[in-house]
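Fold and geometry: a report
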Amino acid sequence: MVSRRRRGKRGRGHAPGDPRNIGWLYVLPGLLFYLLFTLGPLLHTVYYSLFSWDGLTAKTWVGLANYSEAVHDSVLRAAFLHSAILIVFYAVLPVSVGLLLTAALTRTAIRGFRFFRTTLFLPQLIAGVVIAQAWSWVYDAQGPLNRFLQLVGLGSLVRPWLGDFTWALPSIGVIGTWVTFGLCMVLFVAGVQKIPIELYDAARVDGAGAVREFFAVTLPGLRNEVLVAFVLTTINALRNFDIIYNTTAGGPGNTTIVPSMYMYQNAFLFNRVGYAAAIATLLALAIFILAAIMLRIGDRPEDR
Amino acid sequence: MKRRLAGLTFIVAVALVAVGVGVSFGAKKQTTTLTMWSYDNQDPGLEPVLKQLSADFEKSHPGVTINIVFKDFNSLVGTVPRALASGTGPDVTEGNEGYQTDAQLVKAKLIIPLTKYVAKYHWSTLYAPSTWGMFRWTADGKSFGKGPIWGLAQTGQNVVVFYNKKKLTQAGLNPNKMPQTYAGFEKMLATLRAKLPSSDPVIEEGNKEGYGFIHLFGGIWGASVKPSVVRNWVYHVPGSRYDTPGTIAALTRLQAWGKAGYFNSDYNAVGYDTSAGLFAKGKGAMWIGGDWDSTIIKTGLGAANIGVMPVPPGPSGQWASIGGLSGSWHISAKTKYADLGAEWLNYVITSSRAKTLMFGQQQLPADRSAQPPTSDPYLTQVDKGFTRVANADGLLLYTDWASPSMYTTLQNQYQLLLAGRTTPQGMAQAVQADWAKFDKTLH
């Protein structure tokens, strides 16, 4: 208090590294951009979700009616359940496979490693529509997968995979695993190189085997990478739209419907933009909560 | 803490991008360019006709450019309302009859009533008076089948049976003496199932997009329910119901066809036009679908080897099937060239050049006065399949017109029914529930 009274007009009281109001000027462009294109649309969506609106004519205020409908909507419940199943395929499996491959790579040098790394990462670079088309062909009734099954004497397993009530969702899940595990692996392989080689030497001197070494050295060392991989792939799983839209469009029945697909149907086919906005808000909330939980687990002070 | 905040901010940003829906439209317009949107590009359907007619139109109207854009059905009806509202959308576009699209366009005043042009070009005699119902709406978009005319269509459409004459003969049936009753038709299906190898379906079916069974069901439905009852249900005439004994009986028959193994097992994974193509290559003894695909079938099997007829009538003797006119053409309320747009519509729908080109593509002009060329017996069969039903007042319209979500509901319910995961009663109730939910918003 005292020092403030003595301050001169030109603010000489600031320490050199102290934050000053001018800092806001520096972040202003980014902040404006963020408000305009990120926060704005989010708030807009929340606002729309409080109306009954066909997207064209006048809106009618309905308060939280869209949300109470959503809570009782069995299709939406199914959609979120399918998303939960897809998280296994889009996040849990790719991270596991990625870790396994990384563990193998740290033990043995593989010839042509760069080639494999590039090839396995490639699905990340292909547009979702192209991936969906390619896999539709793989899963086709007369497609390569079924022909292969017939060839090896498993003809009884042959089925139109994407048109099958039981198998359509897992089939889409496998596409997701294929797309994301390369990303996880590249993240992990890069991470492993940061782990001091001494730790591995020490583990080996102590007589640790491959499994022990993985859990004692590699996994703890990759903690941040695993966290990033989980957050990215889980978000990927939850917002999955292009692959579903271009393979099954939610069918057969509603067996592959996911929140984003259902949101699309409501907004663009059923003329129910208000309800679609409510679904979008719930989906964003779900993504936000899941990501927050994961980051919280990840931020836990390391127990050494 | 700061890092966590940054992380959370990042997550919020990603979540927003994930769910944000932003669609932008528009192409810069020169002063005399008219943009038309159409989904009539089924392999190849009307696309070459529209392109040729537009080129003709440009020639007779120097300085006018017709920019005709083809999109698939779902992406067109999904985007056209917002495109029209933006003011940079098409000048003339196809919509779709029914509550999902046309009702919206009328209600939001995105298209204009065609009353003025109906008088100017004498369109009122183009179609039968009852046919005009599918273009009539009250200005609030709530009452279907009455009010001014808002649209116009190019071709007549009907779901018919295409049969492979050679296969029928091989099964000991006479393809020139087809059953004339529904019961006789079902008997023939059973014979075919018994005689064909088990790997070959009786009916090659493609339901990947979800409308295969919506179309196919019309023939069975029409055999046990009066066509006017179905139309009234589509028009939301008060008191109409879907879950009637007649409809449930028909759904039971459809499920029985599935259980009897009449369809290829991969129907949910095969596209509609793809299945027509497979039938044309010799798969299955029949294909039941839209007559607009008749070119695909002719190209594969050869005209002489194909028979065409609607599913024959039930006890009432009235021929009926799913059908109506093709997508409704509208004029944007925001276009500067409404008169020119109407002139183009008049040319592509009523000119003799247009009719010749349509017949040339195996499409049936909606104009009642059009006669197929006598030199083409296959086309005459297809045309007869349409007029037989249309003249008997038996067009059932398209069931999905009945509510914005009806297409998705029917798509799901037919898949469940055919997979044995719902009963005919269960399906009828689910469909009626969709109808009733939407019906409430109309009163």
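Rules of the game
Residues numbered from 1 in each chain as written. Chains lettered and ligands numbered in written order. Predicted model: local features only at pLDDT ≥ 70, side-chain atom pairs only at ≥ 80, totals over all residues. Heavy atoms only, no water. Salt bridge = Lys/Arg side-chain N within 4 Å of Asp/Glu carboxyl O. Buried < 20%, exposed > 50% of the residue type's maximum accessible area, 1.4 Å probe, protein only. Axes fitted to C-alpha atoms, helices over the stretch in contact; angles between N-to-C directions. Helix = DSSP H or I, 4+ residues; strand = E, 2+ residues; numbered from the N terminus. Parallel < 35°, antiparallel > 145°, perpendicular 65-115°, else oblique. Contact = heavy atoms within 4.5 Å. Arc of directions from axis to C-beta. Phe/Tyr/Trp six-rings, centres within 6.5 Å; stacked < 30°, edge-to-face > 60°. Lys NZ or Arg CZ within 6 Å of the ring centre and 35° of its normal. Polar contact = N/O pair within 3.5 Å; in protein donor to acceptor, adjacent residues only side chain to side chain. Expected span 1.5 Å × (residues − 1). Core = buried A, V, L, I, M, F, W, Y, C linked by side-chain atoms within 4.5 Å. Buried area = accessible area lost by both parts, 1.4 Å probe. Nonpolar A, V, L, I, M, F, W, Y, C, P; charged D, E, K, R; others polar. pLDDT = per-residue confidence, 0-100. Pairing = 2+ DSSP bridges.

So, the pattern of salt bridges
Note that side chains of opposite charge can pair when their charged atoms are close. The full count for this structure, using the stated rule, is 15 salt bridges over all chains. Across the pair Arg 241 of chain B and Asp 243 of chain B runs a salt bridge whose closest N-O atoms are separated by 2.8 Å. Its relative accessible area of 23% is what places Asp 243 of chain B among the partly exposed residues. Salt bridges here are not isolated pairs; linked through shared partners, they connect Glu 69 and Arg 272 of chain A together with Lys 437 of chain B.

Structural notes on the packing of helix α4 (residues 74–107) of chain A against helix α10 (residues 210–221) of chain A
Residues and elements named next belong to chain A. Running from N to C, α4 and α10 point in directions that differ by 105°, and their axes come no closer than 11 Å. By the criterion of interaxial angle, the relationship of α4 to α10 is roughly perpendicular. Along the contact surface, α4 presents Leu 99, Ala 103 and Arg 107, while α10 presents Ala 210, Glu 213, Phe 214 and Leu 219.

Comments concerning the side chain of Ser 49 of chain A
With respect to the secondary-structure elements, Ser 49 of chain A resides in the loop between α2 (22–48) and β1 (51–52). Non-local contacts of Ser 49 of chain A, meaning those with residues more than four positions away in its chain, are made with Gly 63, Asn 66, Tyr 67, Gly 274, Ala 277, Ala 278 and Thr 281 of chain A.

Describing helix α9 (residues 227–234) of chain B
Residue and element names in this part refer to chain B. Along α9, the residues classified as buried are Pro 227, Val 230, Arg 231, Trp 233 and Val 234. The buried residues of α9 all sit within an arc of 160° when viewed along its axis, so they share a single face. On its buried face, α9 is in contact with β5 (144–149), α8 (212–224), α16 (406–418) and α17 (424–440). Looking one or two residues beyond α9, the residue adopting positive phi is His 236, at roughly 60°.

Remarks on the packing of aromatic side chains
Enumeration according to the criterion identifies 43 aromatic pairs over all chains in this entry. Look at Tyr 48 of chain A and Trp 53 of chain A: their rings are 4.9 Å apart centre to centre, the planes differ by 40°, and that puts the pair in the tilted class. Take Tyr 48 of chain A: its relative accessible area is 22%, and that puts it in the partly exposed class. Consider the rings of Phe 144 of chain B and Tyr 235 of chain B, whose centres lie 4.7 Å apart with planes at 85°: the pair is edge-to-face. Here Phe 144 of chain B is found in strand β5, whereas its partner Tyr 235 of chain B is found in the loop between α9 and α10 (245–259), with 91 residues between them in sequence. For the pair shown, Phe 144 of chain B and Tyr 235 of chain B are each scored as buried. Ring-pair connections join several aromatic residues into one group, and the members of that group are Tyr 99, Trp 137, Phe 144, Tyr 235, Tyr 398, Trp 401 and Phe 438 of chain B. Lying over the aromatic face of Trp 161 of chain A, Arg 159 of chain A brings its terminal NZ or CZ to 5.5 Å of the ring centre. Against the face of Trp 37 of chain B rests Lys 71 of chain B, its NZ or CZ located 4.3 Å from the ring centre.

What about the side chain of Asp 367 of chain B?
All names here are of chain B. Counting through the fold element by element, Asp 367 comes out in the loop between β11 (364–365) and α15 (377–391). In terms of polar contacts, Asp 367 uses its side chain to reach the side chain of Lys 355, at 2.8 Å. What Asp 367 contacts, discounting residues up to four positions off in sequence, is Leu 126, Tyr 127, Thr 350 and Lys 355.

Description of α15 of chain B
Residue and element names in this part refer to chain B. For α15, which comprises 15 residues, the first-to-last C-alpha distance of 20 Å matches the rise-based estimate of 21 Å (1.5 Å per residue) to within 8%. Within α15 the residues assigned to the buried category are Tyr 378, Leu 379, Val 382, Asp 383, Gly 385, Phe 386 and Val 389. Buried positions in α15, seen along its axis, are confined to an arc of 145° and lie on one side of it. Projecting away from the buried face of α15 at angles above 90 degrees are the exposed residues Pro 377 and Asn 391. The elements touched by buried residues of α15 are β6 (155–164), α12 (294–301), β8 (306–309), β9 (323–325), α14 (352–360) and β11. Looking at where α15 begins, the residue whose side-chain oxygen comes 3.3 Å from the main-chain nitrogen of Tyr 378 is Asp 376. Phi turns positive, to about 60°, at Asp 393, one or two residues after α15.

Regarding the nonpolar core
One finds Tyr 242, Trp 257 and Trp 344 of chain B to be the most contacted residues of the largest nonpolar core, which totals 138 residues. Ignoring anything within four residues of it in the chain, the contact list for Tyr 242 of chain B reads Phe 217, Trp 221, Trp 233, Thr 247, Leu 251, Leu 410, Tyr 414, Met 427, Ala 428, Val 431 and Gln 432 of chain B. Formed by 43 residues, the second largest nonpolar core is a distinct cluster that contains Leu 149, Ile 172, Val 258 and Ile 279 of chain A.

Here's the deal with the interface of chain A and chain B
Of the residues lining the interface, 44 residues belong to chain A; the matching set on chain B comes to 41 residues. A buried area of about 3,600 Å², summed over both sides, lies between chain A and chain B, and 66% of it is on carbon and sulfur atoms. Considering only the side of chain A, the residues that lose the most area to chain B are Leu 56, Phe 165 and Phe 268 of chain A, jointly responsible for 19% of the buried surface there. Linking chain A with chain B are 2 salt bridges. Lys 107 of chain B is the salt-bridge partner of Asp 54 of chain A, the closest N and O atoms lying 3.1 Å from each other. Counting across the interface, chain A meets chain B through 6 residue pairs in polar contact (both at pLDDT 80 or more). Sorting the residues of the side of chain A that touches chain B by element identifies α2, α11 (223–238), α12 (242–247), α13 (259–269) and α14 (273–299) of chain A as the ones contributing at least two each. The dominant element in the side of chain A that touches chain B, judged by the number of residues it contributes, is α14 of chain A, at 11 residues. For the side of chain A that touches chain B, the class distribution of residues is 26 nonpolar, 12 polar and 6 charged.

Focus: the confidence of the model for chain B
All names here are of chain B. Looking at chain B, the pLDDT average stands at 90 and 93% of residues meet or exceed 70. Ranking the elements of chain B by mean pLDDT puts helix α1 (residues 2–19) last, at 50, and strand β10 (residues 329–331) first, at 98. Reported for the predicted complex are a pTM of 0.81 and an ipTM of 0.77.

Some remarks on the sheet that holds strand β3 (residues 92–94) of chain B
Residue and element names in this part refer to chain B. Taken in spatial order, the 4 strands line up as β2-β1-β3-β10 in an open sheet, and their pairing is mixed. Two strands close off the open sheet at either side, each with one partner strand: β2 (65–70) and β10. Direction aside, the axes of adjacent strands within the sheet are offset by 20° on average. When β3 meets β10, the two strands line up antiparallel, connected through 3 bridges. Looking at β10, one finds that Glu 94 is bridged to Trp 329. On the sheet, helix α2 (residues 47–60) packs against β1 (33–38), β2 and β10 and is oriented at approximately 170° with respect to β2. Sitting on the sheet, helix α3 (residues 73–86) touches β1 and β3, and the angle it makes with β1 is about 145°.

Here we look at the environment of His 443 of chain B
Residues and elements named next belong to chain B. On the secondary structure map, His 443 appears in the segment after α17. Taking the relative accessible area as the measure of exposure, His 443 reaches 68% and is therefore exposed. When the C-alpha atoms of His 443 and Ser 143 are compared, they prove to be 9.8 Å apart, with 300 residues separating the residues in sequence. In this structure the side chain of His 443 is engaged in a polar contact, spanning 3.3 Å, whose partner is the side chain of Asp 439.

Comments concerning unusual backbone geometry
A negative phi holds for most residues other than glycine; trans holds for most peptide bonds. The residue after Gly 251 of chain A, namely Pro 252 of chain A, is reached through a cis peptide bond having omega -10°. Phi at Ala 249 of chain A is positive, roughly 55°, even though this residue is not glycine. Turning to its location among the elements, Ala 249 of chain A is positioned in the loop between α12 and α13. On the basis of relative accessibility, which here comes to 25%, the residue Ala 249 of chain A falls in the partly exposed class. The phi angle at Asp 393 of chain B is positive, at roughly 60°, despite the residue not being glycine.

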